[in-house]
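# Descriptive analysis of the structure
Next come the chains, spelled out residue by residue.
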Amino acid sequence: MLKTGFIGAGKTGTALAISLSRKRWPVAAVYSRSLSSAQTLAKMVPDCLICHTAQQLVDAVDLVFITTPDDAIARVCGEVHWRDGQSVVHCSGAHSTDLLEEARKAGATVGSFHPLQTFASADRAMENLPGSTFALEAQEPLSSTLKQLTVLLRGSFVELKPGDKALYHAAAVLSCNYLVTLVKLALDLWKDFGVSPRDATRALLPLLAGTVNNIGSIGLPGCLTGPVARGDLDTIERHLKALKAEDASLNRIYRELGLQTIPIALAKGGVDRQKADEMKALLGDCEDTPASNYKGGPATRGEDD
Ligand SMILES: NC(=O)c1ccc[n+]([C@@H]2O[C@H](COP(=O)([O-])OP(=O)(O)OC[C@H]3O[C@@H](n4cnc5c(N)ncnc54)[C@H](OP(=O)(O)O)[C@@H]3O)[C@@H](O)[C@H]2O)c1
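Numbering of residues starts from 1 in each chain and follows the order in which that chain's sequence is written. Residues qualify for local features only when their pLDDT is at least 70, as the model is predicted, and side-chain atom pairs are given and counted only at 80 or more; totals for whole chains, interfaces and linings, by contrast, use all residues. The basis for every side-chain value is the complete set of heavy atoms in the structure, and neither hydrogens nor water enter the calculation.

Quick look at the site of the ligand now. For each residue, the test is whether any non-hydrogen atom lies within 4 Å of the molecule or strand; if one does, the residue is near. Taken together, 24 residues are adjacent to the ligand, and Thr12, Ser32, Ser37, Asp70 and Phe119 come closest. We define a polar contact as two N or O atoms separated by no more than 3.5 Å, with the added condition that, inside protein, one atom must be a possible hydrogen donor and the other a possible acceptor, whereas residues neighbouring each other in sequence contribute only through side-chain atom pairs. Between the ligand and Ala9, the relevant distance is 3.3 Å, taken from an oxygen atom to a main-chain nitrogen or oxygen of the residue. With respect to the ligand, the side chain of Ser32 contributes an N or O atom lying 2.6 Å from an oxygen atom. Taking 890 Å² as the accessible area of the ligand by itself, protein coverage stands at 80%. Helix and strand assignments follow DSSP, with helices taken as H or I runs no shorter than four residues and strands as E runs no shorter than two, numbered in order from the N terminus. For the shell around the ligand, the elements supplying multiple residues, two or more each, are α1 (11-22), α4 (70-78) and β6 (109-115). All accessible areas in this document rest on Shrake-Rupley with a 1.4 Å probe, and a residue is counted as covered only by the protein chains that are shown.

This part covers the nonpolar core. Core analysis: the largest hydrophobic core is formed by 30 residues, its most contacted members being Leu16, Phe65, Phe113, Leu146 and Leu149. Among the elements of the structure, α1, β2 (27-31), α2 (35-43), β4 (63-66), α6 (122-128), β7 (133-138) and α7 (142-152) are those that each provide at least two residues to this core. The element contributing the most residues to this core is α1, with five residues. In what follows, a contact means two residues having at least one pair of non-hydrogen atoms within 4.5 Å. Beyond its immediate stretch of four places on either side in the chain, Phe65 contacts Thr4, Gly5, Phe6, Ile7, Leu16, Val89, Cys91, Phe113, Leu146 and Leu149. Among the buried residues, those of types Ala, Val, Leu, Ile, Met, Phe, Trp, Tyr and Cys that are joined through side-chain atoms within 4.5 Å form a nonpolar core. With a 1.4 Å probe rolled over the protein chains alone, any residue whose accessible area is under 20% of its type maximum counts as buried; one over 50% counts as exposed, and the rest are partly exposed.

It is the contact of helix α11 (residues 233-246) with helix α13 (residues 273-284), at a shortest axis distance of 11 Å, that shows an interaxial angle of 10 degrees. On the basis of the axis angle, α11 is roughly parallel to α13. Where α11 approaches α13, its residues Leu233, Ile236, Glu237 and Leu240 are matched on the opposing element by Lys275, Glu278, Met279, Leu282 and Leu283. Grouping the amino acids of the contact of α11 with α13 by side-chain chemistry returns six nonpolar, no polar and three charged. For every element, the axis is a line fit to its C-alpha atoms; helices are fit only across the contacting stretch, and the angle between N-to-C directions ranges from 0 to 180 degrees. For classification purposes, angles smaller than 35 degrees are called roughly parallel, those larger than 145 roughly antiparallel, those between 65 and 115 roughly perpendicular, and all remaining angles oblique. As a working rule, the residues Ala, Val, Leu, Ile, Met, Phe, Trp, Tyr, Cys and Pro are called nonpolar, Asp, Glu, Lys and Arg charged, and the rest polar, with Gly in that last group.

Below, the discussion takes up the sheet that holds β7. Pairing within the open sheet is mixed, and its eight strands lie in the order β3-β2-β1-β4-β5-β6-β7-β8. Single-partner strands in this sheet number two, and they are β3 (49-50) and β8 (156-159). Pairs of strands are assigned from DSSP output, requiring at least two bridges between the strands. Sheet analysis places β4 next to strand β5 (residues 87-90), joined by four bridges and oriented parallel. Across the sheet, Ile66 pairs through a bridge with His90, a residue of β5.

This part takes up the pairing of β7. As paired strands, β6 and β7 are joined by five bridges and run antiparallel to one another. What sits directly across from Pro115, in β7, is Phe134. With four bridges connecting them, β7 and β8 associate as parallel partners. Looking at the pairing, Thr133 lines up with Ser156 of β8. Crossover handedness is defined here as right-handed if the route from the first strand over the helix to the second strand goes clockwise, with the strands pointing away from the viewer. Crossover handedness for the path β7 to α7 to β8: right-handed.

A few words on the domain arrangement of the chain. Domain delimitation in this document rests on an assignment produced automatically or drawn from a domain database. With domains assigned, the chain is organised as domain 1 (4-163) and domain 2 (168-293). A separation of 38 Å is found between the C-alpha centroids of domain 1 and domain 2. With seven residues of domain 1 in contact, the opposing surface of domain 2 contributes four residues. We define buried area as the total accessible area lost by two parts upon association, computed with a 1.4 Å probe and summed across both. Here domain 1 packs against domain 2, burying approximately 460 Å² in sum over the two surfaces, 75% of which is carbon and sulfur.

One fewer than the residue count of a helix, multiplied by 1.5 Å, yields its expected span. With twelve residues, α1 should reach 16 Å at 1.5 Å per residue; the first-to-last C-alpha distance of 17 Å fits that figure. Judged by how many residues are buried, α1 sits mostly within the fold: nine of twelve residues are covered. Looking only at α1, the buried set comprises Gly13, Thr14, Ala15, Leu16, Ala17, Ile18, Ser19, Leu20 and Ser21. Following α1 by one or two positions, Arg24 has its phi on the positive side, about 65 degrees.

Its location among the elements puts Ser32 in the loop between β2 and α2. Classification of Ser32 by relative accessible area gives buried; the value is 11%. Engagement of the side chain of Ser32 in a polar contact is seen with the backbone nitrogen of Ala9, the distance being 3.0 Å. Residues within four places of Ser32 in sequence aside, it is in contact with Gly8, Ala9, Ser37 and Ala38.

This is the structure:
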């Protein structure tokens with residue numbers, strides 16, 4: 001087991017350090033920009049040395065996690081002297097191990113270890129970590145060590161090649177961050193009929209939870225419900241009219257997502273090709289003509305399934 005230290009005692013560093021330490025992994029040192037963050041982490045990890053410089057930490061351990069924000073990783077890595085054979089890892093989902101080039105040049109083994117999870121706080125992060133998938137980028141022997149850590153954290157892993165990270169992270173943003181954006185747009189609509197965001201959130205949460213459950217238990221495409229899954233043109237048209245009166249950009253977002261939903265509906269088998277083409281024409285009609293002018297017709301836009 002490699003003696004391990006963390007540079008950056010924020011949400012991710014703190015959650016990983018405490019979780020690993022609870023599994024008896026030797027988390028031996030922490031350094032953070034502010035002493036108070038390092039102290040908070042160290043309080044929860046037995047025998048954890050609080051370092052006063054990044055170099056002190058790098059000198060004290062064999063495996064270094066740089067858990068600073070993404071834009072500080074390369075700088076932090078470039079400001080210290082690495083030992084030959086030492087291991088250094090960052091937790092960014094968007095960046096490859098290129099950020100650790102200075103350590104690699106000095107003979108260190110470099111890797112990335114991205115928890116595919118959302119960490120709103122260190123406590124929440126510890127709760128959410130078990131069951132998460134970790135995206136790994138590393139060569140042996142570091143690769144085996146990182147896989148061992150995913151087992152300790154009760155997670156699983158996917159191995160990425162250099163160059164995979166941008167699409168991998170864009171997928172995470174679509175399914176996590178932009179889900180938040182969609183909920184915000186929905187809450188804004190609820191304001192129109194006089195329900196506060198707080199009450200609307202409470203009302204929408206069971207729907208969101210049910211959707212996530214169905215994705216897990218039934219999977220795509222079977223979990224899709226709603227007007228596109230049923231080929232319900234009248235309902236879609238009513239939505240488009242209402243949204244257009246509300247906000248043109250919301251109308252565009254609804255159309256684009258609807259178009260992306262049609263192939264799922266086709267794959268599920270709830271609509272035939274003719275109905276799919278009618279929905280494509282209705283949703284793809286981005287002209288400023290009223291949606292009620294829709295007369296059906298061939299597909300004008302969108303993915304062919
Ligand atoms: N949050 C997520 O949902 C999530 C999920 C997966 C992966 N990640 C990745 O995890 C990494 C950390 O993200 P986070 O959300 O945990 O960030 P965070 O909560 O903002 O924590 C970053 C920590 O780094 C410290 N820091 C900043 N600059 C530093 C420097 N130059 N030297 C030493 N320490 C420094 C901060 O300082 P103080 O000492 O001032 O507190 C802070 O404690 C990122 O690479 C991110 O992409 C985040």
